[in-house]
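Examination of the molecular architecture
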Amino acid sequence: MQPSLGTTAEQHILLQQRESFPDASGEFSWLLSGITLACKIVGAAVRRAGLVDVLGATGDTNVQGEVVQKLDHYANEALLSCLGNRGNVGVLASEENEEPVVVIKDANHGKYVVIFDPLDGSGNIDVNINVGTIFSILRRDPNSKDPQGDVLQPGYKQIAAGYVLYGSSTMLVYTTGQGVNGFTLDPSIGAFLLSHPNIRMPERGKQYSLNESNAESFPEYFRRFLYWFKSGADGSAYTSRYVGSLVADFHRTLLKGGIFLYPPTAKNPSGKLRLMYEANPIGFVAEQAGGIATDGHQRILDIKPSSLHQRVPLMVGSKYEMELLQRFAEQDKNRAG
Ligand code: AHG
Ligand code: MN
Ligand code: MN
């Protein structure tokens, strides 16, 4: 009797491809298996952090001027290696690398670009709080000699995006533009199995998520918006939840609804989160699940990127809360005249 294995992430993407692109060669499924392999390697290290020497900092700082955690570096190496050997990836770009990495042996035929945040929320590693990996996949002209141009494409050009959350379980959530599906790693067989088919973000939630220590420097309309949540203006009491790992804060918002906000602050006047490997992939997943993602003024996926590590404000969440935020912003614009 066949064991009822369930649907693995690779099988699922092959099925999706066959449905929408009958001539699909399985290339995409092969690419995704490079990401899932790397994330299984990272997940194993996260689960054993404290026993193996991956806690703490490397002593380096990355292009962002942030202290590089050992696990940031380890995760980055895992993704560069697993994706660099797929044969169909021409260019890789990472939070941890100043410039895009051309995969020399595949530069003339690799038709994909993968951009990633190898370890998101790395400040939380040493205190055993959820961290994640975020990825964004674009097409490139295999004959391109311009890796920067290959990478700097607006978010609506993404052909797939998602994240892996290393939490109480290890979950893969991704979209190829046909909805959002979630897979849970079954460690006993080392496969991601379909556990959350066709995820839809609730139209409205009961939670808001942001780092309120920055409230003094938020734009005025934003402070009024926040007050609305606390005052229970329309009879609904919201609660605040903030982990400080984007993947964890977004995943909760995706499943339960509500809103995640990282507005401009005094310390980060253009916002803290990076467009190419945080806001774009998260924005694609949010929209595909029925949510909305903006920088406070425009759709995240419409932003024309100017540099690999550029930062943007990110507001993402349920339709109701995001449209309310939009109304506060518009009132502010009308008031300003
Ligand atoms: P990373 O660890 O990849 O640098 O990302 C950290 C980000 C994001 O995960 C999180 O939402 C945000 O930093 C938290 O910022 P604050 O500590 O300023 O709230
Ligand atoms: Mn991050
Ligand atoms: Mn990171």
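Structure first, text after, so check above.
Definitions and limits used
Residue positions are given per chain, counting from 1 as you read along its sequence in written order. Numbering of ligands from 1 and lettering of chains from A proceed in the order in which they are written. Residues qualify for local features only when their pLDDT is at least 70, as the model is predicted, and side-chain atom pairs are given and counted only at 80 or more; totals for whole chains, interfaces and linings, by contrast, use all residues. Only hydrogens and water are set aside; all other atoms, that is, all heavy atoms of the structure, feed into the side-chain values. A patch consists of residues exposed above 30% relative accessible area that lack any salt bridge, with like charges linked at up to 9 Å and nonpolar side chains (Val, Leu, Ile, Met, Phe, Trp, Tyr) linked at up to 5 Å. The protein chains shown are the only cover counted for residues, whose accessible areas, like all others here, come from Shrake-Rupley with a 1.4 Å probe. The rule for a salt bridge is simple: a side-chain nitrogen of Lys or Arg has to be within 4 Å of a carboxyl oxygen of Asp or Glu. Only DSSP runs of H or I covering at least 4 residues are called helices, and only runs of E covering at least 2 are called strands; the numbering of each starts at the N terminus. In this description, a line fitted to the C-alpha atoms serves as the axis of each element, helices being fitted only across the stretch in contact, and the angle between N-to-C directions of two axes falls anywhere from 0 to 180 degrees. Each angle gets one of four labels, with under 35 degrees taken as roughly parallel, over 145 as roughly antiparallel, 65 to 115 as roughly perpendicular, and the rest as oblique. Each crossing gets its hand from how the near helix is turned against the far one by less than a right angle, where anticlockwise is left-handed and clockwise is right-handed. When checking whether two residues touch, look at their non-hydrogen atoms; a contact exists if any pair is within 4.5 Å. Polar here means any residue other than Ala, Val, Leu, Ile, Met, Phe, Trp, Tyr, Cys and Pro, which are nonpolar, and Asp, Glu, Lys and Arg, which are charged; Gly is therefore polar. Keep in mind that water is not among the atoms, so a site may look incomplete; donors are the N, O and S atoms within 2.8 Å of the metal, or 3.2 Å for Na, K and Ca. Relative accessible area decides the class of each residue, using a 1.4 Å probe on protein chains only: under 20% of the type maximum gives buried, over 50% gives exposed, and in between gives partly exposed. Between any two strands, pairing holds if DSSP finds at least two bridges. Site definitions follow a grid-based scheme: protein atoms alone, a 1 Å grid, a 1.4 Å probe that fits but cannot get out for cavities, and for pockets an open set with protein on both sides within 12 Å along at least five of seven lines, plus lining residues having an atom within 4 Å of a point. Grid points are joined across faces, edges and corners, and a volume is the space filled by probe spheres set on the points. What is meant by a nonpolar core is a set of buried Ala, Val, Leu, Ile, Met, Phe, Trp, Tyr and Cys residues, joined one to another through side-chain atoms within 4.5 Å. Each residue after the first adds 1.5 Å to the expected span of a helix. Definition of nearness: a residue and a molecule or strand are near each other if at least one heavy atom of the residue lies within 4 Å of the molecule or strand. Identification of polar contacts relies on pairs of N or O atoms within 3.5 Å, with a donor-acceptor requirement for protein atoms, meaning one able to donate a hydrogen and the other able to accept it, and with residues adjacent in sequence counted only if both atoms are side-chain atoms. Cavities and pockets are treated as containing a molecule whenever more than half of the molecule's atoms lie within 2 Å of their grid points.

**Thoughts on a nonpolar patch on the surface**
A surface patch of nonpolar side chains, amounting to about 230 Å² of accessible area, comprises Leu37, Ile41 and Tyr74. Residue placement: tyrosine 74 occurs in helix H3 (residues 70-84).

**A few points about the packing of helix H6 (residues 246-256) against helix H7 (residues 275-288)**
The description of two helices packed together rests on the angle between their axes and the distance between the axes. Packing of H6 against H7 brings their axes to within 11 Å, and their N-to-C directions diverge by 15°. The angle between H6 and H7 falls in the class roughly parallel. Every pair of crossing elements has a handedness; the one defined by H6 and H7 is right-handed. Two secondary-structure elements touch here, H6 through Leu246, Phe250 and Leu254 and H7 through Glu278, Ile282, Val285 and Ala286. Along the lines of polarity and charge, the residues of the contact of H6 with H7 split into 6 nonpolar, no polar and 1 charged.

**Concerning the coordination of the manganese ion (ligand 3)**
On the protein side, the manganese ion (ligand 3) has Glu95 (OE), Asp117 (OD) and Leu119 (O) as donor atoms, found 2.0 to 2.3 Å from it. Mapped onto the sequence, the donors of the manganese ion (ligand 3) take the spacing E-x21-D-x1-L. In this structure the manganese ion (ligand 2) is found 3.7 Å away from the manganese ion (ligand 3), and aspartate 117 serves as a bridging donor for the pair. With glutamate 95 in the loop between strand E3 (89-94) and strand E4 (101-102) and leucine 119 in strand E5 (residues 112-120), this pair connects stretches of sequence that are 24 residues apart. You'll find glutamate 95 and leucine 119 in the same group, each marked buried.

**Describing the sheet that holds E3**
Reading across from one edge, E4-E3-E5-E6-E7-E8-E9-E10 is the order of the 8 strands in this open sheet, with mixed pairing throughout. The two strands at the open ends of the sheet, each matched to only one other strand, are E4 and strand E10 (191-196). Where strand E7 (residues 160-166) and strand E8 (residues 170-175) come together, 6 bridges link them in antiparallel fashion. Paired with glycine 162 across the strands is tyrosine 174, a residue of E8. Taken strand by strand, H3 contacts E3, E4, E5 and strand E6 (131-139), and its axis lies near 160° from that of E5.

**Considering the layout of surface pockets**
If you add up the space inside the largest pocket, you get close to 560 Å³. Around the largest pocket, the lining comprises 29 residues; the ones closest to its centre are Glu66, Gly121, Gly123, Gly244 and Lys272. Only strand E2 (67-69), E5, H6, strand E13 (259-262) and strand E14 (273-274) provide two or more residues apiece to the lining of the largest pocket. The element contributing the most residues to the lining of the largest pocket is E5, with 3 residues. Split into classes, the residues belonging to the lining of the largest pocket amount to 7 nonpolar, 11 polar and 11 charged.

**Side note on the nonpolar core**
Formed by 41 residues in total, the largest nonpolar core has its most connected members in Ile115, Val151, Tyr163, Phe250, Leu254 and Ile300. With near-sequence residues (within four places) excluded, tyrosine 163 lies in contact with Thr133, Ile134, Phe135, Met171, Leu172, Val173, Val247, Phe250, His251, Leu254, Ile282 and Val285. Ala78, Val89, Phe135 and Phe192 belong to the second largest nonpolar core, which has 38 residues in total.

**Section: H3**
In an α-helix, one full turn covers 3.6 residues, which means residues spaced three or four apart are oriented alike. When the terminal C-alpha atoms of H3 are compared, their 21 Å separation across 15 residues agrees well with the 21 Å that a helix rising 1.5 Å per residue should span. All of the buried residues along H3 are Leu71, Asp72, Ala75, Asn76, Ala78, Leu79, Leu80, Cys82, Leu83 and Gly84. Along its buried surface, H3 packs onto helix H2 (27-47), E2, E3, E4, E5 and E6.

**Section: the coordination of the manganese ion (ligand 2)**
Taken together, Asp117 (OD), Asp120 (OD) and Glu278 (OE) make up the protein donors of the manganese ion (ligand 2), found 1.9 to 2.1 Å from the metal. Sequence spacing among the residues donating to the manganese ion (ligand 2) works out to D-x2-D-x157-E.

**What about the site of ligand 1?**
In the region of ligand 1, 17 residues are neighbours, and Asp120, Gly121, Tyr242, Leu246 and Tyr262 sit closest. In this structure, aspartate 117 approaches ligand 1 through a side-chain N or O atom, which is 3.0 Å from an oxygen atom. Contact between ligand 1 and tyrosine 242: an oxygen atom at 2.6 Å from a side-chain N or O atom of the residue. Contact with the protein chains covers 85% of the free accessible surface of ligand 1, which is 470 Å². Here ligand 1 is seated within the largest pocket. For the shell around ligand 1, the secondary structure elements donating two or more residues are E5 and E14. The dominant element in the shell around ligand 1, judged by the number of residues it contributes, is E5, at 3 residues. Broken down by class, the residue content of the shell around ligand 1 amounts to 5 nonpolar, 5 polar and 7 charged.

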